[in-house]
Amino acid sequence: MINEPILNIRNLKKYYEIKQGLLAFRAEPIYVKAVDDVTFNINKGEIYGLVGESGCGKTTTGRCISRLEDPTEGSILFQDIDIAKIPKKELRGFRKNVQMIFQDPYESLNPRFTVFQAVADPLTVHARNQSAEERLDAVVKALNDAGLKNPQDLLERFPHELSGGQRQRVAIARALVVDPKFIVADEPVSMLDISIRAGVMNLMLDIKEKFKIAYLFVTHDVAIARYMSDNMGVMYLGNMVESAETDELINNATHPYTRALLAAVPIPDPDYEWVDVPIKGDIPSPINLPTGCRFHPRCVWAKEICKEKSPETIEVAEGHFVKCHFAEDMYGNEAPLPISEFKEQPPGEGAGDDEN
Amino acid sequence: MTMLDVKDLTLHFKVKEGWVYAVEDVNITLEKGETLGLVGESGCGKTTLGYGISQLLPDNAHVKGGQVIFKGQDILTPSLKKDGTLKPYRQEIRELRWKEISMIFQGAMNAFNPVQKVGDQIIEAIRVHNKKMPRQEALARVEDLYKLIGIPRDRIDNYPHEYSGGMRQRAMIAMALVHNPSLIIADEPTTALDVIMQRRILSEIKKIQNEFHMAMIIITHDVSVVANVADKIAVMYAGRIMEYGNIKDVFKTSANPYTKALFGGFPSLKGPKKRIASIPGNPPSLVEPPSGCRFHPRCKYAKEICKTDRPPFVTLPTGQISLCHFAEQVQQGVMQ
């Protein structure tokens, strides 16, 4: 049971073609490589935290897994079925097993649906033969499981009559009602107030324990990913640059980007001394990607080879994968290679400025 | 001399349903070169307080009491009409605003005019207060500021949409600095930014402050953002300041149940992984705030007195002020 994957994501790619002006029809199509060759596993009953900055492709990865987007290439194996290749017509059976929770519960709930209608809606698709009583029971149970007290009183309310935390719990109940095996949660707590956030995070952890549901937990907040996940992956410009068991990744961060990301996370402790963030420049445009390693223009350890050759993904320790030419030298070292040209360089002047 | 002294400030909004009790009995002081972190959840009144100090309030805002003393002068009282609303036009406050008290607005994405070049907008901010300054001179000032905040010179003639999020935020900071103000009020200055950019902007703010010694109020919902930047912290809940003091005292020896719960609700990247505690219930409506202590319906220590009496401001031996009937016991951790 332990470490048995529920999802195998292999070489997942999602490219978007950019529409150009009228006269560009003869030109080569231009693509935004939102997700480019991403490979990872999600284990049964575990939470996989996917972190990265905005535009890194983490949300697109989640949307491909729930087939809200059709992947360009690659496979997503779920119980020996390749999700990426299910024809549109046959998605219904799959959607019963894979549900989604979105960032903004103000937008993800239909304002004209009562709580009952919202939570019962998936049942009208996936459990058509239910009697009215059975359906009501299922809805009340799901609301209960989502930590809402006195669900009976909420059934006839509309989303605008609920608080933010309640709304997100209704969204969670809607995902739970069909008894899924897997949930894709895209920034589920980032819109919530701090005093509410902890409750929703703890609820999701409890649901994981109780129902053995696995999650893909997409977030920009590394501290939240650490709290929630068993394994995690870090994305940068469409690539998975590092992935490992969560504590291993936090304690032995190896990829230069992961190191920069972790160094920049604010620590709620006034005695904490800021460490330097080893990174330069800004995120380059996803249309015009750097050659070789995509991180090289911002990497303070970059060498010649990084400009020329895209690095392989290397397993530096069991289950710890790093996409860097120098992964083995970097692993477990404080500052292994000499910092070549590291200086506090203001953005806008860096090699990876967004105007190129 | 104290740079800013806000005394018993109470600000209400008149709405269809009655009154929104947005800010009540707020007391804060700020010296030259000091940074105050004003922390709280959405709707707690932190932004209203910030805008109240610079008198950028909507028409339905009524000042029900208190003073804002800036460099020894009460700047609020002369601006008020009899019913407590702000006079539509008062030359003195316009002179002060931006020249002495400037702001960094929330969401720099929208704070700039999209159809005007960023440089021109900053030049405009300079020349509003220096009408006789030639354009060339103002442009030179913009160039200096761009150098200071690290945007290349050739970006002055760009439009806002050509800037990245981080650059827009930097340009916003440059605009706040044009007149070397004595006080900057920054409303969620890094909220829309990614962590790496957030760190850079915060470092930038720290650096600039060390250079020019201005006082600063950073309004944020994220305690960890101000933990390493601010000297003082004021934690706001439902319109009232729950705890106020030096940042280390408030963090290390918190004397208020809300502050404790708020700090405990953050997962951290460092230290052991432990289950974080949530606060039961929801933030209250400010139209019908709870009686007594506004936190009492969610407070695990709440007693009878908390429901009926507004708690006093208790000054703790450690120096901070806590709005709690049982501040000492809470601080010592002996509260049941």
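These numbers were taken from a predicted model, which means no experiment stands behind them.

On to the packing of helix H4 (residues 115–126) of chain A against helix H5 (residues 132–145) of chain A, then. Residue and element names in this part refer to chain A. Two elements in contact, H4 and H5, have axes whose closest approach is 10 Å; the angle formed by their N-to-C orientations is 115°. Considering the angle they form, H4 stands roughly perpendicular to H5. Pair H4 / H5 crosses with right-handed handedness. For the pair H4 and H5, contact is made by Val115, Phe116, Val119, Ala120, Leu123 and Thr124 and by Arg135, Leu136, Ala138, Val139, Ala142 and Leu143, respectively. Each residue belonging to the contact of H4 with H5 can be placed in one class, and the counts come to 10 nonpolar, one polar and one charged.

The next point concerns the packing of aromatic side chains. A full pass over the atoms with the stated rule returns 12 aromatic pairs over all chains. Geometrically, the ring pair formed by Phe40(A) and Tyr48(A) is stacked, given 4.6 Å between the ring centres and 25° between the ring planes. Each member of the pair, Phe40(A) as well as Tyr48(A), carries the same accessibility label: buried. With a centroid separation of 5.1 Å and an interplanar angle of 85°, the aromatic rings of Tyr237(B) and Phe295(B) are classed as edge-to-face. Note that Tyr237(B) is positioned in strand E9 (residues 232–237) and Phe295(B) in the loop between helix H10 (257–264) and helix H11 (304–308), a separation of 58 residues in sequence. When its relative accessible area of 2% is taken as the criterion, Tyr237(B) is described as buried. The ring of Tyr16(A) has Lys14(A) lying over it, and the distance from NZ or CZ to the ring centre is 5.0 Å. Residue placement shows Lys206(B) over the ring face of Trp274(A); its charged tip is 4.2 Å from the ring centre.

Quick look at the pairing of strand E8 (residues 214–219) of chain A now. All names here are of chain A. Burial of E8 is extensive: six of the six residues sit out of reach of the surface. Burial along E8 is two-sided: the face carrying Ala214, Leu216 and Val218 and the face carrying Tyr215, Phe217 and Thr219 are both buried. Direction of pairing for strand E3 (residues 47–51) relative to E8: parallel, over a ladder of five bridges. The residue of E8 that forms the bridge with Leu50 is Val218. Pairing of strand E7 (residues 182–186) with E8, which is carried by five bridges, proceeds in the parallel orientation. Residue Asp186 lies in a different strand from E8, and its bridge partner there is Val218. Traced from E7 through helix H8 (residues 194–211) to E8, the parallel crossover comes out right-handed.

A few words on the side chain of Lys323(A). All names here are of chain A. Checked against the element boundaries, Lys323 lands in strand E12 (residues 320–323). Of the side chains with opposite charge, Asp37 lies nearest to the buried Lys323, which makes no salt bridge, at 5.4 Å. A polar atom in the side chain of Lys323 sits 3.3 Å from the backbone oxygen of Pro311. Dropping the residues within four chain positions of it, Lys323 is found in contact with Asn239, Met240, Val241, His255, Ser310, Pro311, Glu312 and Thr313.

Moving on, we get to the sheet that holds strand E9 (residues 231–236) of chain A. Residue and element names in this part refer to chain A. Taken together, eight strands build an open sheet; the order of strands is E6-E7-E8-E3-E9-E10-E12-E11 and the sheet is mixed. Where the open sheet ends on each side, the last strands, each with one partner, are strand E6 (98–101) and strand E11 (313–317). Across the sheet, the mean angle from the axis of one strand to that of its neighbour is 20°, orientation sign disregarded. Contacting E3, E6, E7 and E8, H8 crosses the sheet at an angle of about 155° to E8. Contacting E3, E9 and strand E10 (239–245), helix H11 (residues 256–264) crosses the sheet at an angle of about 100° to E9.

Of all hydrophobic cores here, the largest spans 114 residues; its most connected members are Ile53(B), Leu183(B) and Ile217(B). With eight residues, helix H6 (residues 165–177) of chain B is the single largest residue contributor to this core. Sequence-distant contacts of Ile217(B), defined by excluding residues within four places in its chain, comprise Leu4(B), Leu30(B), Leu36(B), Leu38(B), Ile53(B), Leu183(B), Ile184(B), Ile185(B) and Ala186(B). One finds Val115(A), Ala120(A), Val170(A) and Ala185(A) within the second-largest nonpolar core, a separate group that totals 44 residues.

In many analyses, interface size is given as the accessible surface area lost on bringing the parts together. Each side of the interface is counted separately: chain A has 51 residues, and chain B has 48 residues. Both sides of the chain A and chain B interface together cover about 4500 Å² of buried area, and 56% of this is carbon and sulfur. For chain A, the biggest contributors to the area lost against chain B are Ile194(A), Arg226(A) and Trp274(A); these three give 18% of the whole. Counting every contact that joins chain A to chain B gives five salt bridges. Between Lys248(B) and Asp271(A) there is a salt bridge whose closest N-O contact spans 3.2 Å. At the junction of chain A with chain B, the criterion picks out 22 residue pairs in polar contact (both at pLDDT 80 or more).

Cut-offs applied
- Residues numbered from 1 in each chain as written.
- Chains lettered and ligands numbered in written order.
- Predicted model: local features only at pLDDT ≥ 70, side-chain atom pairs only at ≥ 80, totals over all residues.
- Heavy atoms only, no water.
- Axes fitted to C-alpha atoms, helices over the stretch in contact; angles between N-to-C directions.
- Helix = DSSP H or I, 4+ residues; strand = E, 2+ residues; numbered from the N terminus.
- Parallel < 35°, antiparallel > 145°, perpendicular 65-115°, else oblique.
- Left-handed = near helix turned anticlockwise from the far one by under 90°.
- Contact = heavy atoms within 4.5 Å.
- Nonpolar A, V, L, I, M, F, W, Y, C, P; charged D, E, K, R; others polar.
- Phe/Tyr/Trp six-rings, centres within 6.5 Å; stacked < 30°, edge-to-face > 60°.
- Buried < 20%, exposed > 50% of the residue type's maximum accessible area, 1.4 Å probe, protein only.
- Lys NZ or Arg CZ within 6 Å of the ring centre and 35° of its normal.
- Pairing = 2+ DSSP bridges.
- Right-handed = clockwise from strand over helix to strand, strands pointing away.
- Lys, Arg positive; Asp, Glu negative; His and termini not counted.
- Salt bridge = Lys/Arg side-chain N within 4 Å of Asp/Glu carboxyl O.
- Polar contact = N/O pair within 3.5 Å; in protein donor to acceptor, adjacent residues only side chain to side chain.
- Core = buried A, V, L, I, M, F, W, Y, C linked by side-chain atoms within 4.5 Å.
- Buried area = accessible area lost by both parts, 1.4 Å probe.

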